[in-house]
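Structural overview for review
Here is what each chain is made of, one letter per residue.
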Amino acid sequence: MMLSVLAGMLAGAGARGQQAANRQPAADAKSEENEEVVVLKEFSVRDTSGGSRPATETLGAMRTSTRLVESPITVSVLTPEFMQSFALTQEHQQASFVAGGNMVSEWQSGAAAVSLRGFGSNYYRNGFSRWGYNATVNVERIEYVKGPAAATFGRSSPGGLVNYITKRARRRPAAEFYVSFGGYGYNNFEGSYTGPLDKDLYFRADAGYNDRGGYQDWFYQRTHTLSTSFTKVLGPNTSLMFDVEYKLQSLNRGTPGLIPAWTNGTFVSPVTGQPVAGTVTGGRITRLAKFNARGPDDKTRRKITTFDSRFEHRFNRVLSLRVNGQVYFGTYDSWSYGLYIPSYRMSDATLHGRRPLHEDHETASFSGQADLLAVFNTGPVAHKLLLTMDGRHESGPQPDWEMPDEVYEALPDSVRNLSVERPDWSSFDHSLLTKKVRDDETITKDLGFLLSERAALLRGRVLLYASLRNDNFRADFENKLNPSQSGGLRRSVFNHTLGGVAHIIPGRFIFFANRSTSFTPSSTLDRGTGELQEPLTSKGIEAGFRGEIMPASATDGWRGLYWAASIYRIDRKAPQSNPYYSIDGGLEAGIPQYINSAVERVDGIELELFGTISRHTTVSVAYTRLHPYVKNYPDDRAREGMPLRYMPDTTLAATTRYRFTDGLLKGVLLGAAMRYTEEFFAYYGTAGSQVTGTDTIGGNLRLNYGPADRIEEIRPAVTLFDVFAEYQFKTGKYTHIVGINLNNALNATYYGHNGNPGNEREILIRWRLKF
């Protein structure tokens, strides 16, 4: 189940916990023969596909297989069974059930950015940095590694990272098919097969297709996924793995009711009551929430191809080696009526100045890493010493094209200036987009070295961690249309992690703490110095307790009820504009355009409660309370103390599931989930931001700081309820699971951070076949 991770963590703390960790039903013991092909346990996590077993280990916390009870860093894991029960196929849906995560981020654009502890997170796949857009057909588990963690992974967001661990080949043949259908034209098809190909050679293949519409007109999102994996066991201490994944995503992103600029008219601010003439920025028209200003001709395609290889070898009882390599290609191709949404002209209710745009962006990266692990004792102290070297080279040209002015002016007026009441959705000739308006390329190189030590004292009751990492980072930005705006950056960055775990009462009361730092590269050019902007740096501290409320059962093997609580503080050093820089004279004078001295701070509290409270019932609760604000902003003192955008102060997720194990309803599983997000600050706008100030969203405007025209848009609080029912039965060797999900059961109205409305009540029917 979701967040079952700490159940496994506590299970290893004492004798009683260890017995509970080792107890499994007889069916699970038999299924051990069908486990993933694992040779070196140092670099592999325990399989969680059995459904009844919680996750007990993580790869993300310390880069090697680490018992979660031994991790000083907070890691949450979503298992396949939990995601399947609640039909969690989108990144923002999954993160909303994790403490520190929330459902503010949106999938509407096809590029949802998961938020962790108030900051956007990085995506990883099997430990390698990559774009998001992860399908679930080949995902074995999702690990949320929270807080700054650059000493482990190099570049990282201060909120944490999301590491998708993919499925591996198994020793015995097995197949699985899955289909589901639902509202908004949703349909999903998945298929998987795994088994041996030859002696000590194992194979896995997964294929998936996901198609769904959305709340607004013309929107669609279709994803095709193909992946295959081979594992060759070269000996009792050596293995070789290779896998490839191909993903194609096609979508119409839509722009429902979002108008960033209003022109031609005198506007009266709904907050201040004062008239403002001319143009104001920001705006929503709720009656046009389903209106897609891009129209049906908006087409975006993303292609992602990933090649992974891994070699593992144990030299002796002390030394083990893992060598990983990845080649990654990603393309982004888009045809639309402008990346920029045109202004809304109030005088005649038109979107003024729609201009066709073509984007054709590419990304290629080559990554490699080598981990040398030494496990040994010095007297009563047990050590795990890790030495890592890794490198990454990434490049990506980003050209954009528009129509030449004379061609654009020849378009019908009804196309260039779209009437909201009577839209003209005429297509355009793609071959006429020949005017290159952007031609940039960024090349980044990173060579990193990591030394990490874990020392276990007092027979494992106290564990101390220390990691030091150095990244030699290089970035070059080339503006081919305006070479004067090209530049580069060379930096050597050190980051660290310090932490500890103490089993105060083994299995019942555990203390943990950590301090860590991170950096995030920037691709923004400082036009004053001619160099790329300095990397963003972050630091964080965290301390907390984990414990057991209900002891594990000694008779039937089901686990008990557990809790975890932590407090943390994260500071991010963010750029601010230099008030003494001028575009006209800044470059010649060598005055920097940006000053990296503004500090954004998040103070947070997280609480998790979860486990199995009877043979039939599992529960989980994930609570987060944040205080996100601007700590220091020298150029605009009025911002200090103001809330950060997109960060709700309070989020809460709770689930319960009840399984019938006998009687007429044997095989039935019922479940319910609740998610709450408190209101949060979304945007600054001038004058009024939202024009009417009387509709659903417009009623949430506030004037909080600065001049009279600085107004905040506040997204309202929302509570969503989801329920499901499924029935599992067998016909011969085939296992069937049929289910129905009712999402947003009470049909609540809610909005994402940029104002996109969420889906209304939705029914999903699903069937899974295993053999």
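Residues numbered from 1 in each chain as written. Predicted model: local features only at pLDDT ≥ 70, side-chain atom pairs only at ≥ 80, totals over all residues. Heavy atoms only, no water.

**Quick notes on the overall build of the protein chain**
Note the threshold: Helix and strand definitions here come from DSSP, where helices need a minimum of 4 consecutive H or I residues and strands a minimum of 2 consecutive E residues; each element is numbered from the N-terminal end. Burial classes follow relative accessibility: with a 1.4 Å probe on protein chains only, a residue under 20% of its type's maximum area counts as buried, one over 50% as exposed, and anything between as partly exposed. When checking whether two residues touch, look at their non-hydrogen atoms; a contact exists if any pair is within 4.5 Å. Note on areas: Shrake-Rupley, 1.4 Å probe, and residue coverage restricted to the protein chains presented here.
Looking only at helices and strands, one finds 9 helices and 43 strands in the protein chain. Going through the 771 residues of the protein chain one by one, you find that 57% of them count as buried. Sequence separation of at least 24 residues holds for 69% of the intrachain contacts in the protein chain that already meet a minimum separation of 6. Just so you have it, the protein chain exposes about 30,500 Å², and 58% of that area is on carbon and sulfur atoms.

**Quick notes on the pairing of strand β9 (residues 160-166)**
Side-chain positions along a regular strand alternate between the two faces of the sheet. Applicable threshold: Two strands pair under a simple rule: DSSP has to find at least two bridges between them.
Of all 7 residues in β9, 7 are buried, a share of seventy percent or more. Side chains Gly160, Val162, Tyr164 and Thr166 of β9 all project onto a buried face; the interleaved residues Leu161, Asn163 and Ile165 project onto the opposite face, where all are buried too. Of the strand pairs in this sheet, strand β6 (residues 122-125) and β9 are connected by 4 bridges, and their pairing is parallel. Looking at the pairing, tyrosine 123 lines up with valine 162 of β9.

**Notes on the pattern of salt bridges**
Threshold: What makes a salt bridge here is a side-chain nitrogen of Lys or Arg within 4 Å of a carboxyl oxygen of Asp or Glu, nothing more.
Here the structure, examined in full by the defined rule, presents 41 salt bridges. Lysine 435 serves as the salt-bridge partner of aspartate 405, at 3.5 Å between the closest nitrogen and oxygen. In this pair, aspartate 405 is assigned in helix α7 (residues 405-409) and lysine 435 in strand β26 (residues 435-457), connecting sequence segments 30 residues apart. Residue aspartate 405 is classed as partly exposed on the basis of its relative accessible area of 42%. Judged by its relative accessible area of 34%, lysine 435 falls in the partly exposed class. The closest approach of N and O atoms between arginine 469 and aspartate 471, which form a salt bridge, is 2.8 Å.

**Examining the sheet that holds strand β8 (residues 139-146)**
Keep this limit in mind: Axis lines are fitted to C-alpha atoms, over the contacting stretch for helices. Their N-to-C directions set the angle, which ranges from 0 to 180 degrees.
Read across the open sheet, the 5 strands follow the order β3-β8-β9-β6-β7; overall the sheet is mixed. Lying at the two open borders of the sheet, with one neighbouring strand each, are β3 (75-78) and β7 (128-130). Averaged over all adjacent pairs, the angle separating strand axes in this sheet is 30 degrees, with direction ignored.

**What to know about the confidence of the model for the protein chain**
Stated formally: Each residue carries a pLDDT score, the predictor's own confidence in it, on a scale running from 0 to 100.
Chain-level statistics for the protein chain give a pLDDT mean of 81 and a share of 79% at 70 or above. A low-confidence stretch, residues 1-33 stays under pLDDT 50, and its non-local contacts, those more than four residues away or across chains, total 87 contacts. With pLDDT under 50 throughout, residues 48-53 is counted as low confidence; its partners more than four residues away or in other chains account for 17 contacts.

**Focus: the nonpolar core**
Nonpolar side chains tend toward joint burial in soluble globular proteins. Inclusion rule: Nonpolar cores are built from buried Ala, Val, Leu, Ile, Met, Phe, Trp, Tyr and Cys residues. Side-chain atoms within 4.5 Å join them into one set.
With 20 residues, the main nonpolar core has Leu78, Val114, Ile142, Tyr144 and Val162 as its most contacted residues. Of all the secondary-structure elements, those providing two or more residues to this core are α4 (80-85), β8, β9 and β37 (668-677). Top contributing element to this core by residue count: β8, with 3 residues. Apart from the residues within four sequence positions on either side, valine 162 is in contact with Val114, Leu116, Ser121, Asn122, Tyr123, Tyr124, Ile142, Glu143 and Tyr144.

**Describing the packing of aromatic side chains**
The geometry of an aromatic ring pair comes down to the distance between the two centres and the angle between the two planes. This is how it is decided: Aromatic rings from Phe, Tyr and Trp, with only the six-membered ring used for Trp, were paired whenever their centres fell within 6.5 Å, and each pair was classed as stacked if the ring planes differed by under 30 degrees, edge-to-face if by over 60, and tilted otherwise.
Evaluated as defined, the whole model comprises 19 aromatic pairs. Note on phenylalanine 181 and phenylalanine 189: the rings are 5.7 Å apart at their centroids and 80 degrees apart in plane angle, and the pair reads as edge-to-face. The class for phenylalanine 181 is partly exposed, based on a relative accessible area of 43%. The partly exposed category is assigned to phenylalanine 189, whose relative accessible area is 33%.

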